[in-house]
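Listed below, chain by chain, are the residues.
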Amino acid sequence: YSYSERICQTRQDIAIRYPGADKLTKEVAKNIELDYSAFEKALFSYDYNTEAYGYRNWIDVDNFVDYFLINEFTKNLDAGSYSTYLYKEVGEKFRLCVWDFNNACDNYQEQETGLEGFSMVDRAWFFMLFKDEAFVRQVLKRYEQLRETFFSEEYLSNYVDETIAYLGPAVSRNNERWNVKWEGLVPAERNLHSYEEAVEQLKNWMQGRGEWLDEYIHTLKQYSHPSRNKVYNP
């Protein structure tokens, strides 16, 4: 079964998206509620990082690490606040799925997001996860691995080029069908003027973001420093 979570500043709404209403019995809904409540009780407790009672008993930590890094690398501001789906196969642990990147890579309409900063550390469950030094170390180690592979400048640039080649004339047909206009970003000077310019912007942005993260990724250690988290680690 799967869950969707939308988090606002002062409230948290959780909706069951699967199974659908025609198959969602009261018993299944209750089991989902109990599983999710047990996970959050483990995470938002003094025992959150213990072996016996902590969050690692409930989530696929590797999955949460990758989710954080993918959305942080692309600076996807919707992740963890909108379009956030948590799922769990029966008998397994909770996982997150990545999707909805229309506002990523400085394509956020309302404002320029820039290359700097972290946006995920205070979102949803990551607020607590980053208080655990072991989780932070896992994030840093995984970032170094990805930077040599899927996050490398060479890989990302080639992937974009290969995707463009694969799409071929479908790009032009899509733009003609939907009457694509290169406008809508604020301020107006952020708007691009062609598909080719958009491709170049994407490549340059990812390159710059990777360079910034290379320099500052280790500052994430501050969120798990004992002096910052005394109240959570009595």
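Details of the structure are given in the entry above.
Before going into details, it helps to say that this report is about the structure given with it. From a predicted model like this one, the values you see are computed outputs, not experimental measurements.

1. Digging into the overall build of the chain
Assigned secondary structure in the chain consists of seven helices and four strands. In the chain, the succession of helices and strands from N to C terminus is β-β-α-α-β-β-α-α-α-α-α. Taken along the three principal axes of its C-alpha coordinates, the chain extends 55 × 50 × 35 Å. By the burial criterion, 38% of the 234 residues in the chain qualify as buried. As displayed, the chain offers around 14,000 Å² of accessible surface, 51% of which is attributable to carbon and sulfur atoms. Distance from the positive charge centre (27 side chains) to the negative charge centre (39 side chains) of the chain: 7 Å.

2. Here's the deal with the pattern of salt bridges
Applying the stated criterion across every chain, the model contains 10 salt bridges. Arg56 is the partner of Asp132 in a salt bridge, and the nearest nitrogen-oxygen pair spans 4.0 Å. Of the two residues, Asp132 is situated in the loop between helix 3 (126–129) and helix 4 (133–147) and Arg56 in the loop between helix 1 (26–43) and helix 2 (61–73); the sequence distance between them amounts to 76 residues. Classification of Asp132 as buried rests on a relative accessible area of 7%. Owing to a relative accessible area of 32%, Arg56 belongs among the partly exposed residues under this scheme. The partner of Asp106 in a salt bridge is Arg190, with the nearest N and O atoms 3.3 Å apart. Of this pair, Asp106 sits in the loop between strand 4 (94–97) and helix 3 while Arg190 sits in the loop between helix 6 (170–177) and helix 7 (195–216); the two residues are 84 residues apart in sequence, bridging distant segments of the chain.

3. A word on the packing of helix 2 against helix 4
Packed helix pairs are specified by the crossing angle of their axes together with the interaxial distance, meaning the distance between the axes. Where helix 2 contacts helix 4, the axes come no closer than 10 Å and their chain directions differ by 60 degrees. By the criterion of interaxial angle, the relationship of helix 2 to helix 4 is oblique. Seen from above, helix 2 lies across helix 4 with right-handed handedness. Of the residues in helix 4, those touching helix 2 at Val61, Asp62, Phe64, Val65, Asp66, Phe68, Leu69 and Phe73 are Phe135, Gln138, Val139, Arg142, Tyr143, Leu146 and Arg147.

4. A closer look at the layout of surface pockets
Volume-wise, the largest pocket comes out at about 1,200 Å³. Forming the walls of the largest pocket are 38 residues, and the residues nearest its centre are Asn107, Ala198, Val199, Gln201 and Leu202. Broken down by class, the residue content of the lining of the largest pocket amounts to 22 nonpolar, 11 polar and five charged.

5. Describing helix 7
Helical periodicity: at 3.6 residues per turn, an α-helix aligns residues three or four positions apart in one direction. Taking 1.5 Å as the rise per residue, helix 7 with 22 residues should run 32 Å; its terminal C-alpha atoms sit 32 Å apart, in good agreement. Turning to helix 7, its buried residues number three or more, namely Ala198, Val199, Trp205, Met206, Gly208, Arg209, Gly210, Trp212 and Leu213. Contacts made by the buried residues of helix 7 are with helix 2, helix 4 and helix 5 (153–167).

6. Some details on the nonpolar core
Of all hydrophobic cores here, the largest spans 43 residues; its most connected members are Trp125, Phe126 and Phe135. Elements that contribute at least two residues to this core include exactly helix 1, helix 2, strand 4, helix 3, helix 4, helix 5 and helix 7.

7. A short note on the pairing of strand 3 (residues 84–88)
Burial along strand 3 is one-sided: Thr84, Leu86 and Lys88 are buried, while Tyr85 and Tyr87, pointing the other way, are not. Both strand 3 and strand 4 contribute to a ladder of four bridges, which runs antiparallel. When the bridges of strand 4 are listed, Tyr85 appears paired with Cys97. Once strand 3 ends, the chain turns through five residues before running back antiparallel as strand 4, passing Gly91 with a positive phi of about 85 degrees.

Calculation notes
- Residues numbered from 1 in each chain as written.
- Predicted model: local features only at pLDDT ≥ 70, side-chain atom pairs only at ≥ 80, totals over all residues.
- Heavy atoms only, no water.
- Helix = DSSP H or I, 4+ residues; strand = E, 2+ residues; numbered from the N terminus.
- Buried < 20%, exposed > 50% of the residue type's maximum accessible area, 1.4 Å probe, protein only.
- Areas by Shrake-Rupley, 256 points an atom, 1.4 Å probe, with all protein chains shown as cover.
- Lys, Arg positive; Asp, Glu negative; His and termini not counted.
- Charge placed at Lys NZ, Arg CZ, Asp CG, Glu CD.
- Salt bridge = Lys/Arg side-chain N within 4 Å of Asp/Glu carboxyl O.
- Axes fitted to C-alpha atoms, helices over the stretch in contact; angles between N-to-C directions.
- Parallel < 35°, antiparallel > 145°, perpendicular 65-115°, else oblique.
- Left-handed = near helix turned anticlockwise from the far one by under 90°.
- Contact = heavy atoms within 4.5 Å.
- 1 Å grid on protein atoms, 1.4 Å probe; cavity = no way out; pocket = protein on both sides within 12 Å on 5 of 7 lines; lining within 4 Å.
- Points joined across faces, edges and corners; volume = space filled by probe spheres on them.
- Nonpolar A, V, L, I, M, F, W, Y, C, P; charged D, E, K, R; others polar.
- Expected span 1.5 Å × (residues − 1).
- Core = buried A, V, L, I, M, F, W, Y, C linked by side-chain atoms within 4.5 Å.
- Pairing = 2+ DSSP bridges.

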